[in-house]
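Observations on chain architecture
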Amino acid sequence: MTDTLKPGGGDSSCFRKGCNPFAQTGRSKLQNKRASLNQQIIKQMRMRAGAENLLRATSNNKVKEMVLLELSYVNSNLQLLTGELDGLNSSVDDFISEHYSEDGSRYEDEIADLMDLRQACRTPSRTEAGVELLSKYSSHLPLVESRFFSPNRPTGIFFTWYDSFTGVPVCQQNLSLEKASVLFNMAALYSQIGTRSNRQSAAGLEEAISSFQKAAGILNHLKETYTHIPSYDMSPAMLSMLIRLMLAQAQECLFEKTALPGVRNHFSSLMKMAQEAAKVSEIYDQVHQSMIQMPIKDHVPFFWSTMSQVKTNHYRSMAHYFVASALLDHERKRSTETQEKTLSQVYDKFPEGCSPMDILKKKEERDRIGKAHIRRAILGHEEALRIYSLCHNLNKLDALQDILRASHQRSLNKYSESENEEEFTDYMEAPDILPKTEHRAEMEFPAAAKVKVTDFFHKLGPVSVFSAKQRWTAPRTVRCRPEDRDVGFTLKGESPVQVVSLDPLCPAAADGLKEGDYIVAVGDTDCKWMSVGDVMRLLKDVDEEGIDIQVVSLMDSNPPMVRAPTKSATFSGNLPKTYSMICLAHNDQDKSSKSRKVAKKSSFLSWGLKNKLKSASTLSLPTADHSGALPWNKPRPTFPSSSPYNDGALY
């Protein structure tokens, strides 16, 4: 377990815990990152030069097509690498200095705290504490976005997510990708908590049910909120399938919870369990049908769809077994109203020429239909075992095989008990059982997904005023000299206070104070969070010599927008896939002499089944160095500084 300690305390509540024993807190050297990027760029340049030489030398059209494809791949890689290098050549410190006109080095600890939190989120524990850790980071992201991501210009910071099924990287300068990736990982974490629960106890089943329902709720929120994420595992079709899968597992746990105390050998109880089992089968069948649709079929692991098919047949067979037991083992009671009502709700369509009362009154009819159900149960269990044997991954699950065989044997035994050699064999088809449940699995959005957090950059002032959307002048120092205890202006508003009713002849106005200015400091006292009353108390006792106040003015917040490149290609195998804003970036930043640490470069919850690579969701905090222009680069728009944070698996 790797612990990241917040500054200022040894209390256990101050620890943020990850579970990767190899992860270290601390930022890697930025220069090493730059050197690595430059080596990769040089390699790609050599490959491009070789491809261009071959293109000029050959006259074979097939070879030309292959070379052109390779060139597009190399050029895409160059764009990703140079974009990442550009991202390293700016810093949060510079953005704070340029946009907020404050000393960026004052916020070094706050930046480190954010990076520590993000690093810990890459390896959360598979418990509610891990969910809380992701929730805290998720709650900080809107604050970070408001502080540092201006809607009027690209930030030069990229967020990376690796598709949990295909491993294809997706990069964007949009913080929405980072928000979506955290939600996806929260859902994955809940699914793992549900899978790891002890389903032999009522408490464990409750935990599993709640976890699967919360996973479904988070995935549904992700589907409805982030509709343009260019990663296929977050596409609406894939998310819909995953939601069904989570709800199917929750419904299965609800069935197990009902059966945990034991199933009463009573007509109504058996019929009820039959319909509950049919409901589980129906939901798994829906999951299987969604998994075999294109293009989901090409991305979902084969054993997922196989397992859903096995469970569809298994629970359908259980439903037929329960109905058979109720019909074969229980004689008609004198008062048949309850049994008749129960039986009428089991079938959507009765066998031809039969009614509920006929089945209950006539033992021969009841036995005939009961045997039909038990035969169908046997066939269903045999089909489940056949499908199980076709999947190599499922063959490793010995416990599943034992359950399927035991259920099959139980149905065979029931058929043997009811078989009479003297009777004529009637191979009628048992009717379908109507699915019904008293406890339906529902999506649940966890309260833990939204937690209150303290803004790391609280010192910058109220985020509603001091944000990336607003543009400010640099702080100006104005000498405020009261005349007859009158400073020559009044104040209004919440924090920070604003100058109104300015006397144009007062000393402050002569020194440069303007109406509408915001007071950010009085003397050495920071006033960004002070109310009107607090600021007036600082000003009322000023002597004739006066006091210096610092003010800022709001500028035009809609400068001409500089457009950045909007498309590049990501390759999967030999075929290009085009996504919006495909660039790759990852960076770390040097720390000050305090030597706070923020982790090696490691994956961000790489739980993908196909993707053996770790996810490289990386928060970039580059430093200012605009000397990284390369000779092959096209002219690119440059900015005085860039915003802070950059970057992004499943089950």
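Keep in mind it's a predicted model, so treat the numbers as computed, not measured.

Side note on the overall build of the protein chain
Tallying secondary structure elements over the protein chain gives 18 helices and 14 strands in all. Relative to its 651 residues, the protein chain shows a buried fraction of 52%. Carbon together with sulfur atoms contributes 50% to the accessible area of the protein chain, which is approximately 31,100 Å² in total.

Here we look at the confidence of the model for the protein chain
Scored by pLDDT, the protein chain comes out at a mean of 77, with 75% of its residues at no less than 70. The lowest-confidence element of the protein chain is strand β14 (residues 575-580), averaging 33 in pLDDT; the highest-confidence one is helix α8 (residues 236-259), averaging 95. Note on residues 21-29: pLDDT is under 50 here. Beyond four places in sequence and across chains, it has 36 contacts. Low confidence marks residues 560-651, where pLDDT is under 50. Its contacts with residues over four positions away, or in another chain, come to 350 contacts.

Some remarks on the side chain of E365
Position of E365 relative to the elements: it lies in helix α14 (residues 363-390). A distance of 2.6 Å separates the side chain of E365 from the side chain of R368, its partner in a polar contact.

Concerning the packing of aromatic side chains
Throughout the structure, instances matching the rule amount to nine aromatic pairs. Ring centres of F148 and F457 lie 4.8 Å apart, and the angle between their planes is 80°; this geometry places the pair in the edge-to-face category. Separated by 309 residues along the polypeptide, F148 in helix α5 (residues 128-148) and F457 in the loop between α16 (398-418) and β5 (471-472) bring together distant segments of the chain. The aromatic ring of Y321 is capped on one face by R410, whose charged end is 4.4 Å from the ring centroid. Residue placement shows K459 over the ring face of Y107; its charged tip is 4.9 Å from the ring centre.

So, the pattern of salt bridges
Should the charged atoms of two oppositely charged side chains come close, the side chains can pair. Throughout the structure, instances matching the rule amount to 20 salt bridges. Across the pair R118 and E178 runs a salt bridge, and its minimum N-O distance is 2.8 Å. Note that R118 is positioned in helix α4 (residues 108-121) and E178 in helix α6 (residues 175-196), a separation of 60 residues in sequence. One exposure class covers both R118 and E178, and it is buried.

A word on the pairing of strand β4 (residues 169-172)
Sheet topology places strand β3 (residues 159-162) next to β4; four bridges connect them, and they run antiparallel. Looking across to β4, one finds that F159 is bridged to Q172. Between the antiparallel neighbours β3 and β4 lie six residues, among them G167 with a positive phi of about 80°.

A look at the environment of I41
Its place among the elements puts I41 in helix α1 (residues 30-57). Of the residues examined, I41 reaches a relative accessible area of 1% and is grouped as buried. In the structure, I41 is positioned 39 residues away from L80 in sequence and 9.6 Å away in space, judged by C-alpha atoms.

Focus: a negative patch on the surface
On the surface, E483, D484, D486 and D503 cluster together into a patch of negative charge. Judged by its relative accessible area of 45%, D486 is partly exposed.

Overview of the nonpolar core
Counting residues in hydrophobic clusters, the biggest one holds 113 residues, and the most contacted among them are F148, L242 and F457. The leading source of residues in this core is α8, at 13 residues. In this structure, V478, F489, A509 and V551 belong to the second largest nonpolar core, which totals 20 residues.

Side note on the packing of helix α7 (residues 202-225) against α8
Contact pair α7 / α8: the axes reach a minimum separation of 9 Å and the direction vectors enclose 165°. In terms of orientation, α7 lies roughly antiparallel with respect to α8. In terms of crossing hand, the pair formed by α7 and α8 is left-handed.

Regarding unusual backbone geometry
The peptide bond linking M294 to P295 adopts the cis configuration, its omega dihedral lying at 0°. Positionally, P295 belongs in the loop between α9 (267-291) and α10 (296-299). The step from S495 to P496 runs through a cis peptide bond, and the omega angle for that step is -10°. Secondary-structure assignment places P496 in the loop between β7 (490-492) and β8 (498-500). Positioned with a positive phi, S501 is a non-glycine residue whose angle comes to about 50°. Among the secondary structure elements, S501 is positioned in the loop between β8 and α17 (507-510).

What counts and how
In this numbering scheme, every chain counts its residues from 1 along its sequence in written order. pLDDT decides what is reported in this predicted model: residues at 70 or higher carry local features, side-chain atom pairs at 80 or more are listed and counted, and totals for whole chains, interfaces and linings draw on all residues regardless. Excluded from the side-chain calculation are hydrogens and water; included are all heavy atoms of the structure. Think of it this way: any DSSP run of H or I at least four residues long counts as a helix, any run of E at least two long counts as a strand, and we number them from the N terminus. When accessible area is computed with a 1.4 Å probe and restricted to protein chains, residues below 20% of their type maximum are described as buried, those above 50% as exposed, and intermediate ones as partly exposed. Each accessible area value is a Shrake-Rupley result obtained with a 1.4 Å probe; residue values ignore everything except the protein chains displayed when judging cover. The pLDDT value expresses, per residue, how confident the predictor is, ranging between 0 and 100. The contact criterion used is simple: two residues touch if any of their non-hydrogen atoms lie within 4.5 Å. Nitrogen and oxygen atoms within 3.5 Å of one another constitute a polar contact, given that in protein one can donate a hydrogen and the other can accept it, and given that sequence-neighbouring residues count only through two side-chain atoms. Two aromatic rings from Phe, Tyr or Trp, using only the six-membered ring of Trp, form a pair when their centres are within 6.5 Å; if the ring planes differ by under 30 degrees the pair is stacked, by over 60 it is edge-to-face, and anything between is tilted. Charge-over-ring contacts are defined here by two conditions on Lys NZ or Arg CZ: a distance within 6 Å of the ring centre and an angle within 35 degrees of the ring normal. Salt bridges are counted wherever a side-chain nitrogen of Lys or Arg sits within 4 Å of a carboxyl oxygen of Asp or Glu. At least two DSSP bridges between two strands are required for those strands to pair. Patch membership requires more than 30% relative accessible area and the absence of a salt bridge. Residues of like charge join within 9 Å; the nonpolar side chains Val, Leu, Ile, Met, Phe, Trp and Tyr join within 5 Å. Under this rule, positive means Lys or Arg and negative means Asp or Glu; His and the chain ends count for nothing. Note on charges: their place is set at NZ of Lys, CZ of Arg, CG of Asp or CD of Glu. Note on terminology: a nonpolar core comprises buried Ala, Val, Leu, Ile, Met, Phe, Trp, Tyr and Cys residues joined through side-chain atoms within 4.5 Å. For helices, the axis comes from a line fit to the C-alpha atoms of the stretch in contact; other axes are also lines fit to C-alpha atoms, and the angle between any two N-to-C directions lies between 0 and 180 degrees. Should an angle lie under 35 degrees it is considered roughly parallel, over 145 roughly antiparallel, and from 65 to 115 roughly perpendicular; all remaining angles are considered oblique. In a left-handed crossing the near helix is turned counterclockwise from the far helix by less than a right angle, and in a right-handed crossing that turn is clockwise.

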